[in-house]
Amino acid sequence: MNIALLGYGKMGKTIEQIAIKRGHNVVLAIDKDDKDYDITKADVAIDFSIPTVAFNNISNCINNNVPVISGTTGWLDKYDDAVALCKEKKGAFIYASNYSLGVNIFFELNKTLAKMMSALKQYNVSMEEIHHTQKLDAPSGTAITLANGVIEKHDSYDNWKLDKNGKSTIPIVAKRINDVPGTHTVTYESEVDTINIEHIAHTRQGFALGAVVAAEWIAGKTGIFTMNDVLNIG
């Protein structure tokens, strides 16, 4: 399979290594300043770019009938536009805030715990995420997905805020520390005890492998999908 990499930073280079090991050809590796390229050379594109160019990358793929896997976060104000375009063009598109298998299991565990804790009003929920200093958006897309999972299953919360507490609001603390691939912690705290669930990424390999697996899975398909579809979970 011919793969285009849209975004050629540390993640893009890791995806390239894994794709080649799995027998694929990387036919394009586009950095953030590259604009003149032919996306139709690729059978599928993987976008790990930056928030300001992600939507244009995704639109270009969909308009040229190239399935696209997006792991860029911080652009989701235009997510509905991407979905509408994909439906109009009968394209294929997956967005995930995190492609790690472990994180996607963690997402489901988070929802299950939130449903269990919904009846226990003495517990307050909070979240913390830690990433490398090059990460541009805060909170992380993964943290937002976790917060939305709690909101979906827990009837005491309807919003999240960065570094702010409030009634029915989940506070998220975002920290940036050198060489931290990603740590996410969800905490339920009462006067008598604390419950934590946590996912710690040790390297970028898990994110990159998941993105390549998603690219393999979407080949020949039409529609808007999630990692739950790819992994058959949830």
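Higher on the page you've got the structure.
Residues numbered from 1 in each chain as written. Predicted model: local features only at pLDDT ≥ 70, side-chain atom pairs only at ≥ 80, totals over all residues. Heavy atoms only, no water.

**What about the pattern of salt bridges?**
Then, in step 1: Taken as a whole and judged by the stated rule, the model has 7 salt bridges.
Then, in step 2: The salt bridge involving Glu128 is made with Lys175; its shortest N-O contact spans 3.1 Å. With Glu128 in strand β6 (residues 124-131) and Lys175 in strand β8 (residues 169-176), the pair connects residues that are 47 residues apart, well separated along the chain.
Then, in step 3: A relative accessible area of 26% means that Glu128 is categorised as partly exposed.
Then, in step 4: Residue class for Lys175 comes out partly exposed when judged on its relative accessible area of 37%. (Salt bridge = Lys/Arg side-chain N within 4 Å of Asp/Glu carboxyl O. Helix = DSSP H or I, 4+ residues; strand = E, 2+ residues; numbered from the N terminus. Buried < 20%, exposed > 50% of the residue type's maximum accessible area, 1.4 Å probe, protein only.)

**Focus: the packing of helix α2 (residues 51-63) against helix α3 (residues 79-89)**
Then, in step 1: Put simply, α2 and α3 touch, their axes get as near as 10 Å, and they point 5° apart. The orientation of α2 with respect to α3, classified from their angle, is roughly parallel. Every residue of α3 that contacts α2 at Phe55, Ile58, Ser59, Ile62 and Asn63 is listed here: Asp81, Ala82, Leu85, Cys86 and Lys89.
Then, in step 2: The class makeup of the residues in the contact of α2 with α3 is 6 nonpolar, 2 polar and 2 charged. (Axes fitted to C-alpha atoms, helices over the stretch in contact; angles between N-to-C directions. Parallel < 35°, antiparallel > 145°, perpendicular 65-115°, else oblique. Contact = heavy atoms within 4.5 Å. Nonpolar A, V, L, I, M, F, W, Y, C, P; charged D, E, K, R; others polar.)

**Notes on helix α1 (residues 10-21)**
Then, in step 1: Its 12 residues give α1 an end-to-end C-alpha distance of 17 Å, which sits within 8% of 16 Å, the value for a rise of 1.5 Å per residue.
Then, in step 2: Burial in α1 covers these residues: Met11, Gly12, Thr14, Ile15, Glu16, Ile18 and Ala19.
Then, in step 3: If you follow the buried residues of α1, they end up packed against β1 (2-6), β2 (25-30), β3 (44-47) and α6 (205-218). (Expected span 1.5 Å × (residues − 1).)

**Some remarks on the side chain of Asp47**
Then, in step 1: Along the chain, Asp47 falls in strand β3.
Then, in step 2: With no salt bridge to any partner, buried Asp47 finds its closest opposite charge in Lys135, at an N-O distance of 12 Å.
Then, in step 3: When residues no more than four places from it in sequence are discounted, the contact partners of Asp47 are Leu6, Ala54, Asn57, Ile69, Ser70, Gly71 and Thr72. (Lys, Arg positive; Asp, Glu negative; His and termini not counted.)

**Some points on the packing of α1 against α6**
Then, in step 1: The contact between α1 and α6 brings their axes to 9 Å, and the two run at 60°. The angle between α1 and α6 places the two elements in the oblique class. The interaxial crossing formed by α1 with α6 has right-handed handedness. Contacts from Met11, Thr14, Ile15, Gln17, Ile18 and Ala19 in α1 reach Gln205, Phe207, Ala208, Leu209, Ala211 and Val212 in α6. (Left-handed = near helix turned anticlockwise from the far one by under 90°.)

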